[in-house]
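Residue-level listing of the chains:
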Number of protein chains: 2
Amino acid sequence: MDGKRSSGGDPARSVALLWGSHTKAGRSGLTVRAIVETAIGIADAEGLDALSMRRVAERLGVGTMSLYTHVPGKIELTDLMIDTAYGQLYDDVDAPSSQPGGWREAMEFVAARNWDLYLRHPWMLQIVTARPVVGPNASLKYEAELRPLEGIGLSDIEMDSVLTLILTHVEGTARIRASLDQVQQSTGMSETEWWLVSAPALEKVMDASRFPVASRVGQAAGQAHNGATDPAHALDFGLARILDGVAALIAGR
Amino acid sequence: MDGKRSSGGDPARSVALLWGSHTKAGRSGLTVRAIVETAIGIADAEGLDALSMRRVAERLGVGTMSLYTHVPGKIELTDLMIDTAYGQLYDDVDAPSSQPGGWREAMEFVAARNWDLYLRHPWMLQIVTARPVVGPNASLKYEAELRPLEGIGLSDIEMDSVLTLILTHVEGTARIRASLDQVQQSTGMSETEWWLVSAPALEKVMDASRFPVASRVGQAAGQAHNGATDPAHALDFGLARILDGVAALIAGR
DNA sequence: ATCCCGTTCCGTACGATGTACCGTACACAG
DNA sequence: CTGTGTACGGTACATCGTACGGAACGGGAT
């Protein structure tokens with residue numbers, strides 16, 4: 001899968017599927033909800049690559065093709081998975097906006113929650129988020145995350161832009177973290193170990209004098225957070241700069 | 001492919017492959033370079049999903065398994081593709097740092113070049129950038145992009161953090177754009193058309209009063225750049241905030 | 001000239017995958 | 001009790017990456 005996103009074809013079908021109640025069960029007790037939750041369980045535990053229709057069906061004790069009675073295809077299934085995961089983000093719509101402190105603390109809260117979300121469900125990062133899935137939980141998420149930006153001196157468009165900026169930052173940084181985790185898991189080496197193994201081969205072939213700044217900075221960064229990159233630090237550093245920039249925009253009025 | 005990234009196994013092998021000269025050709029004239037360039041051509045034109053070992057071999061007029069004489073597997077091939085693409089970024093290492101204007105203009109130049117890169121090679125966004133591929137061109141890129149940040153009052157670690165922040169922003173925003181492009185291409189509908197088709201089904205099921213802020217802001221944003229999101233605007237807006245934040249960091253010393 | 005051996009090429013085959021197609025068997029309305 | 005719509009799922013197909021092992025070649029040693 002990965003880069004796929006045909007958008008299914010019929011938008012109305014997808015909308016109905018996302019917003020429907022999914023309670024009707026046939027004689028084998030199969031439900032859309034059960035399918036989605038099983039799929040999330042597999043993806044959480046073994047990654048998106050391990051998620052196949054056969055595996056889902058097997059785990060549900062059901063024939064593979066029975067899934068297609070409830071779900072049009074795998075793409076729509078992943079759409080449902082994403083919207084379901086969004087549902088776990090906030091207890092209620094006012095969670096971010098009722099955060100103590102101003103909009104800045106609220107946005108830090110939003111960033112932290114999204115960061116945690118991608119930690120729990122790394123597979124979300126692998127699903128190309130094409131034209132955002134407009135499910136009920138995604139809509140609630142958007143509403144919840146927008147509210148703290150109300151009435152602080154931003155236009156509607158700026159509110160949307162600021163939120164997009166923050167979420168893009170979190171997602172991108174989470175992607176870096178997820179990649180590091182995956183390499184670590186698949187090679188059995190920590191990042192530090194990996195560099196120790198690669199360094200000799202690299203030094204033999206790479207003339208450090210051609211990259212004076214890069215090698216100095218790379219060295220410094222590597223030592224500071226043992227491992228070439230520290231996603232947690234990147235998250236905080238970046239968010240601080242972004243929020244400073246937004247504050248400057250507001251103050252400049 | 002998509003979410004894969006086994007890191008191949010032997011790091012030394014990958015390093016040698018990336019930094020090697022790739023000039024030795026066998027009796028059929030097959031080269032690593034030719035394989036990589038053909039692969040890039042396919043991915044550029046038809047997307048990463050259309051890239052298969054069979055297609056590459058076919059286009060080269062060669063048996064599929066012959067590729068494996070020169071390249072260990074598909075994952076390593078994509079590593080080579082990425083480093084090759086990086087090679088097209090700057091004419092020389094000093095391109096960004098010799099930009100007229102200060103570090104700010106230089107970083108805008110860097111952002112614009114990366115933005116263009118992802119426009120030309122959208123498949124790069126689909127390849128999970130695990131433990132960054134340390135090829136020769138990637139190293140040059142890092143050096144080139146770091147140089148404009150020299151001597152402006154940032155520590156080594158901050159230099160790295162700032163660059164990471166900017167590149168993450170560009171990549172994330174490019175990902176949004178690529179997704180929109182792909183939906184547009186696969187459905188044959190422009191984004192505006194898509195929303196027009198989906199809106200009726202959505203309105204029937206979604207109670208706008210539950211999402212007061214979201215629907216107001218979404219409406220405003222949608223009208224401003226006809227289409228729910230305007231990646232180009234998001235790029236500029238975000239970059240401006242980020243650079244303001246960095247400027248504040250420097251000024252605060 | 002002959003042989004040998006290392007390398008390059010590639011045909012075949014295997015185990016995956018998503019899902020189209022179509023028969024079966026059940027639950028419920030009449 | 002019977003008729004019919006829906007849920008279920010077995011089989012099959014195209015596609016993928018690539019393991020395996022044989023064929024074909026080029027160049028060095030005899």
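Calculation notes
- Residues numbered from 1 in each chain as written.
- Chains lettered and ligands numbered in written order.
- Predicted model: local features only at pLDDT ≥ 70, side-chain atom pairs only at ≥ 80, totals over all residues.
- Heavy atoms only, no water.
- Helix = DSSP H or I, 4+ residues; strand = E, 2+ residues; numbered from the N terminus.
- Buried < 20%, exposed > 50% of the residue type's maximum accessible area, 1.4 Å probe, protein only.
- UniProt positions renumbered as here; feature names shortened; annotations may be inferred.
- Near = heavy atom within 4 Å.
- Nonpolar A, V, L, I, M, F, W, Y, C, P; charged D, E, K, R; others polar.
- Polar contact = N/O pair within 3.5 Å; in protein donor to acceptor, adjacent residues only side chain to side chain.
- Phe/Tyr/Trp six-rings, centres within 6.5 Å; stacked < 30°, edge-to-face > 60°.
- Lys NZ or Arg CZ within 6 Å of the ring centre and 35° of its normal.
- Contact = heavy atoms within 4.5 Å.
- Buried area = accessible area lost by both parts, 1.4 Å probe.
- Salt bridge = Lys/Arg side-chain N within 4 Å of Asp/Glu carboxyl O.
- Core = buried A, V, L, I, M, F, W, Y, C linked by side-chain atoms within 4.5 Å.
- Least-squares fit on C-alpha atoms with pLDDT ≥ 70 in both.

(A) Local environment of the environment of T69(A). All names here are of chain A. Along the chain, the position of T69 falls in helix α4 (residues 67–70). Here T69 falls in the exposed class, since its relative accessible area comes to 62%. Through-space distance from the C-alpha of T69 to that of T31 is 9.7 Å; in sequence the pair is 38 residues apart.

(B) Up close: the UniProt feature "DNA-binding region" (unreviewed entry) in chain A. Under the UniProt annotation, the feature "DNA-binding region" (unreviewed entry) is placed at residues 52–71 of chain A. Strand forms 0% of residues 52–71 of chain A and helix 60%; the C-alpha atoms that close the span are 13 Å apart.

(C) Region of the structure containing the protein's contact with DNA strand C. By nearness alone, 20 residues border DNA strand C, and R54(A), S28(B), M65(B), S66(B) and H70(B) come closest of all. The sugar and phosphate moieties of DNA strand C supply 55% of its atoms located within 4 Å of the protein. For the surface near DNA strand C, the elements supplying multiple residues, two or more each, are α3 (53–60) of chain A together with α4 (67–70) of chain B. Its residues assigned to classes, the surface near DNA strand C comprises seven nonpolar, nine polar and four charged.

(D) Region of interest: the protein's contact with DNA strand D. The environment of DNA strand D is made up of 20 residues, and the closest members are S28(A), M65(A), S66(A), H70(A) and R54(B). Each atom of DNA strand D within 4 Å of the protein was classed as base or backbone; sugar and phosphate made up 54%. Contacts to DNA strand D include S52(B), whose side-chain N or O atom sits 3.4 Å from a phosphate oxygen. Within the side chain of K74(B), an N or O atom sits 2.8 Å from a phosphate oxygen of DNA strand D.

(E) Here's a closer look at the packing of aromatic side chains. In total, this model carries four aromatic pairs over all chains according to the counting rule given. A centroid spacing of 5.6 Å and a plane angle of 85° characterise the contact between W194(B) and W195(B), whose relative ring orientation is edge-to-face. Residue classification places W194(B) among the buried positions, given a relative accessible area of 7%. Judged by relative accessible area, which is 25%, W195(B) ranks as partly exposed. The ring of W115(A) has R177(A) sitting right over it, with the charged end atom 3.9 Å from the ring centre. When the ring centre of F237(A) is taken as reference, the NZ or CZ atom of R241(A) above it lies at 4.7 Å.

(F) Seen up close, the interface of chain A and chain B. Taken residue by residue, the interface counts 77 residues in chain A and 78 residues in chain B. For the pair chain A and chain B, the two sides together bury roughly 6700 Å², of which 71% comes from carbon and sulfur. At the junction of chain A with chain B, the criterion picks out four salt bridges. Among the ionic pairs, R216(A) bridges to E150(B), the shortest N-O distance being 2.6 Å. At the level of elements, α1 (11–19), α8 (136–146), α9 (156–187), α10 (191–205), α11 (212–224) and α12 (231–251) of chain A are the ones that each hand at least two residues to the side of chain A that touches chain B. Here the element with the most residues in the side of chain A that touches chain B is α9(A); it accounts for 22 residues. Here the residues of the side of chain A that touches chain B sort into 38 nonpolar, 22 polar and 17 charged.

(G) Main features of the UniProt feature "domain: HTH tetR-type" (unreviewed entry) in chain A. UniProt marks residues 29–89 of chain A with the feature "domain: HTH tetR-type" (unreviewed entry), using the numbering shown here. Measuring from the first to the last C-alpha atom of residues 29–89 of chain A gives 28 Å, for a span that is 66% helix and 0% strand.

(H) Representation of the nonpolar core within the structure. Ranked by size, the top nonpolar core spans 143 residues in total, and within it M81(A), W123(A), I166(A), M81(B), W123(B) and I166(B) carry the most contacts. Top contributing element to this core by residue count: helix α9 (residues 156–187) of chain B, with nine residues. Each residue touching W123(A), except ones within four places of it in the same chain, is listed here: I40(A), A43(A), D44(A), L48(A), M81(A), I82(A) and A85(A).

(I) A look at the relation of the copies chain A and chain B. With an RMSD of 0.0 Å, the operation that places chain A on chain B is a rotation of 180° combined with a shift of 0.0 Å along the axis. The two molecules are tied by a two-fold rotation axis, judged by turn and shift. Interface residue correspondence from chain A to chain B reaches 100%, placing this contact among same-surface, isologous pairings.

(J) Up close: the pattern of salt bridges. Residues and elements named next belong to chain A. Per the counting criterion, the structure on display carries 22 salt bridges over all chains. Linking R104 and D244 is a salt bridge whose minimum nitrogen-to-oxygen distance equals 2.9 Å. Here R104 is found in helix α6 (residues 103–120), whereas its partner D244 is found in helix α12, with 140 residues between them in sequence. Sharing partners across several salt bridges, the network here consists of E46, R55 and R59.

(K) A look at the side chain of S198(A). Checked against the element boundaries, S198(A) lands in helix α10. Polar side-chain contacts of S198(A) include one of 2.9 Å to the backbone oxygen of W194(A).

(L) Here's a closer look at the environment of L17(A). All names here are of chain A. Turning to its location among the elements, L17 is positioned in helix α1. On the basis of relative accessibility, which here comes to 9%, the residue L17 falls in the buried class. Sequence separation between L17 and H70 is 53 residues; the distance between their C-alpha atoms is 9.2 Å. Once residues lying within four places of it in the same chain are set aside, the contact partners of L17 are H22, H70, P72, E76 and L80.

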